[in-house]
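Here is how the chains run, residue by residue.
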Amino acid sequence: MRIPILKLNNYLLISIQTEIDDQTAIQFQEDLLDEIYKTESSGVVIDLTSVDIIDSFIAKVLGDVVTMSDLMGAKVVLTGIQPAVAMTLIDLGINMKNVPTALDLEQGLLKLHKELGV
Amino acid sequence: METKFKRIVLENSDAIVQMWMDNVRNLKDENYTTNIGDELYESTNREFMNVIFTSIQSQGSMEEVEQFSEKIINLGWPLSYITDGLQVFRRVTVDYILSNLDDMDDTEQIKSVFQSVDDWVEPIIRKLVNEYTGNWEQIVSLQRVALQELSAPLIPVMDRITIMPLIGTIDTERAKLIMENLLQGTINHNSEVVLIDITGVPVVDTMVAHHIIQAAEAVHLIGAKCILVGIRPEIAQTIVNLGIDLSDFSTKSSLKKGFMSALEITNRKIVPLEGKSREEQIKNIIDSI
């Protein structure tokens, strides 16, 4: 199972709509970094609206992806994290302090726009 | 045998009441009921005695007891008045019956005196204590409901800005409710900035701070920004003295300041309707004099 990565102008859009297992997450990390390299994108939005469960491993991978993309010069915003997911993450002690977040895709794009200063 | 004791007690009720009164009067000085007027105290005592004797006479009828307990509860008298009173009654009655018996050496008889006095007093104690605890439980559950209602309102003051005023002590249960309301509300109102106002929280200890930090982090995760407002001087001192690190959150002393920075974050500002501000108008008036 691979997660589709869509290119829009110089942004990449990812909407995760399935339950993510560890394998998928690692695969996604590699795919996204490849794609950033290939398309020279400057911004990435990862939308998690339809994700009901995020465990500590997935959270770690997501956090890593953000740092890695940052290293490659692409800003990442996570959007649409559900309240239940947020509460579980906080209970697990994961606060993703350094990860930019936004309510939905629209605001995520706006945030990227602002941060990139376009 | 028991009817014999009962007869002794009922026939000499005046003497027993007198003994009881003397004992209870001593109790009054050393505890709870000192601020109750003597007259009311006396009349209630008499009523209490009447209730006990009626109950003994009618083989444990509880109607009178119920009415009396209701009255006492409404007056707000402590439960210890009732339990102490009944203990004294038990002691006094046993003493009295024993002193009226001819054969003092018959242990069986003494035992049955204790037994029957216990049988009279026990149901009354049980009934009264049940009435009291029932009353307390009812009060507690009512207050719990009232607290739930006040617990965690979320006010969307304007587009993309929401305020949650917190009033009263925060415990774990309430913190959970606050977090749920906060997150769901943030998504429902599509807010970009959420202000948590803790002006009404009397004490911020490590636990409360922990809950607030968790809430703020969760708000960050779902993609909004959380500003903690209403930090009073004493709360600022406690927070620092407890070594709680709030440096990752924006905090403001008042809701007004917080609202201003929320406007700034959402890229807006307040402008006066007319061209001139109040200060300028006042300056103009002063100049024209």
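Here the structure is a predicted model, which means the values were calculated and not measured.

A. Representation of the interface of chain A and chain B. Between chain A and chain B, the residue contacts involve 19 residues of the former and 18 residues of the latter. For the chain A and chain B pair, buried surface summed over both sides reaches about 1,700 Å², with 60% attributable to carbon and sulfur atoms. Looking only at chain A, the three residues that lose the most surface to chain B are M87, I90 and L103 of chain A, adding up to 36% of its buried area. Counting the contacts that link chain A with chain B gives one salt bridge. For D248 of chain B, the salt bridge identified is with K97 of chain A, shortest N-O distance 3.0 Å. Linking chain A with chain B are six residue pairs in polar contact (both at pLDDT 80 or more), by the criterion used here. Among the secondary structure elements, those contributing two or more residues to the side of chain A that touches chain B are α3 (83–91), β5 (101–102) and α4 (105–116) of chain A. Ranked by the residues each element gives to the side of chain A that touches chain B, the list is headed by α3 of chain A, at six residues.

B. Summary view of the UniProt feature "domain: STAS" (unreviewed entry) in chain B. Under the UniProt annotation, the feature "domain: STAS" (unreviewed entry) is placed at residues 151–262 of chain B. Across residues 151–262 of chain B, the secondary structure splits into 45% helix and 23% strand, with the terminal C-alpha atoms separated by 24 Å.

C. Highlighting the domain arrangement of chain B. Under the domain assignment used here, chain B contains domain 1 (2–148) and domain 2 (155–265). Put simply, the middle of domain 1 of chain B and the middle of domain 2 of chain B, counted by C-alpha atoms, are 53 Å apart.

D. Fine view of the UniProt feature "domain: STAS" (unreviewed entry) in chain A. Taken from the UniProt record, the annotation "domain: STAS" (unreviewed entry) applies to residues 1–112 of chain A. Regarding residues 1–112 of chain A, the helix share stands at 46% and the strand share at 18%, and the terminal C-alpha atoms are separated by 28 Å.

E. Quick look at the pattern of salt bridges. Evaluation of the coordinates by the stated rule reveals 14 salt bridges over all chains. The partner of K60 of chain A in a salt bridge is D64 of chain A, with the nearest N and O atoms 2.8 Å apart. One end of the pair is K60 of chain A and the other is D64 of chain A, both in helix α2 (residues 56–71) and four residues apart, which spans about a single turn. Note that E131 of chain B and K127 of chain B form a salt bridge whose closest N and O atoms lie 3.6 Å from each other. Taken as a pair, E131 of chain B and K127 of chain B lie in helix α6 (residues 107–150) at a separation of four residues, close to a single helical turn. Sharing partners across several salt bridges, the network here consists of E66, K127 and E131 of chain B.

F. Representation of the sheet that holds strand β3 (residues 193–200) of chain B within the structure. Residues and elements named next belong to chain B. A sheet is described by the order of its strands in space; here five strands give the open sequence β1-β2-β3-β4-β5, paired in mixed fashion. Strand pairing shows two members of the sheet lacking a second neighbour, β1 (155–158) and β5 (250–251), which therefore form its edges. Relative to strand β2 (residues 161–167), β1 runs antiparallel, the two sharing three bridges. Bridge pairing in β2 places I155 opposite I163.

G. Expanded view of empty space enclosed by the protein. Residues and elements named next belong to chain B. In this structure the tally under the stated criterion is five cavities of 30 Å³ or more. The computed volume of the largest cavity comes to approximately 60 Å³. Every residue along the wall of the largest cavity is listed here: L166, I170, A175, I178, M179, I196, H211, I212 and A215. Contributing elements (two or more residues each) for the lining of the largest cavity: α7 (172–188) and α8 (206–221). There is about 40 Å³ of room inside the second largest cavity. At the level of elements, α8 and β4 (225–229) are the ones that each hand at least two residues to the lining of the second largest cavity.

H. Seen up close, unusual backbone geometry. Within the chain, N9 of chain A stands out as a residue other than glycine whose phi angle is a positive 55 degrees. Looking at the secondary structure, you find N9 of chain A in the loop between β1 (6–8) and β2 (11–15). Phi is positive for R160 of chain B, close to 70 degrees, though the residue is something other than glycine. Its place among the elements puts R160 of chain B in the loop between β1 and β2.

I. Structural context of the side chain of S42 of chain A. Within the secondary structure, S42 of chain A is located in the loop between α1 (22–39) and β3 (43–47). What S42 of chain A contacts, discounting residues up to four positions off in sequence, is N10, Y11, G73, A74, K75 and L116 of chain A.

J. Focus on the packing of aromatic side chains. Residues and elements named next belong to chain B. In this structure the tally under the stated criterion is one aromatic pair over all chains. Ring geometry for Y132 against W136: centres 5.6 Å apart, planes inclined by 65 degrees, an arrangement best described as edge-to-face. Residue Y132 and its partner W136 are both found in helix α6; the two are separated by four residues, about one turn of the helix.

K. Region of interest: the pairing of β2 of chain A. All names here are of chain A. Counting buried positions along β2 yields four of five residues, so the element is predominantly enclosed. The pairing of β1 with β2 spans three bridges and is antiparallel. Note on β2: the bridge partner recorded for L8 is Y11. The turn linking β1 back onto β2 is made up of two residues, and N9 within it adopts a positive phi angle of 55 degrees. Note that β2 and β3 share five bridges and pair parallel. Bridge pairing in β3 links L13 to V45. Assessed by its sense of winding, the connection that carries the chain from β2 through α1 to β3 is right-handed.

Rules used throughout
Residues numbered from 1 in each chain as written. Chains lettered and ligands numbered in written order. Predicted model: local features only at pLDDT ≥ 70, side-chain atom pairs only at ≥ 80, totals over all residues. Heavy atoms only, no water. Contact = heavy atoms within 4.5 Å. Buried area = accessible area lost by both parts, 1.4 Å probe. Salt bridge = Lys/Arg side-chain N within 4 Å of Asp/Glu carboxyl O. Polar contact = N/O pair within 3.5 Å; in protein donor to acceptor, adjacent residues only side chain to side chain. Helix = DSSP H or I, 4+ residues; strand = E, 2+ residues; numbered from the N terminus. UniProt positions renumbered as here; feature names shortened; annotations may be inferred. Domains from an automatic or database assignment. Pairing = 2+ DSSP bridges. 1 Å grid on protein atoms, 1.4 Å probe; cavity = no way out; pocket = protein on both sides within 12 Å on 5 of 7 lines; lining within 4 Å. Points joined across faces, edges and corners; volume = space filled by probe spheres on them. Phe/Tyr/Trp six-rings, centres within 6.5 Å; stacked < 30°, edge-to-face > 60°. Buried < 20%, exposed > 50% of the residue type's maximum accessible area, 1.4 Å probe, protein only. Right-handed = clockwise from strand over helix to strand, strands pointing away.

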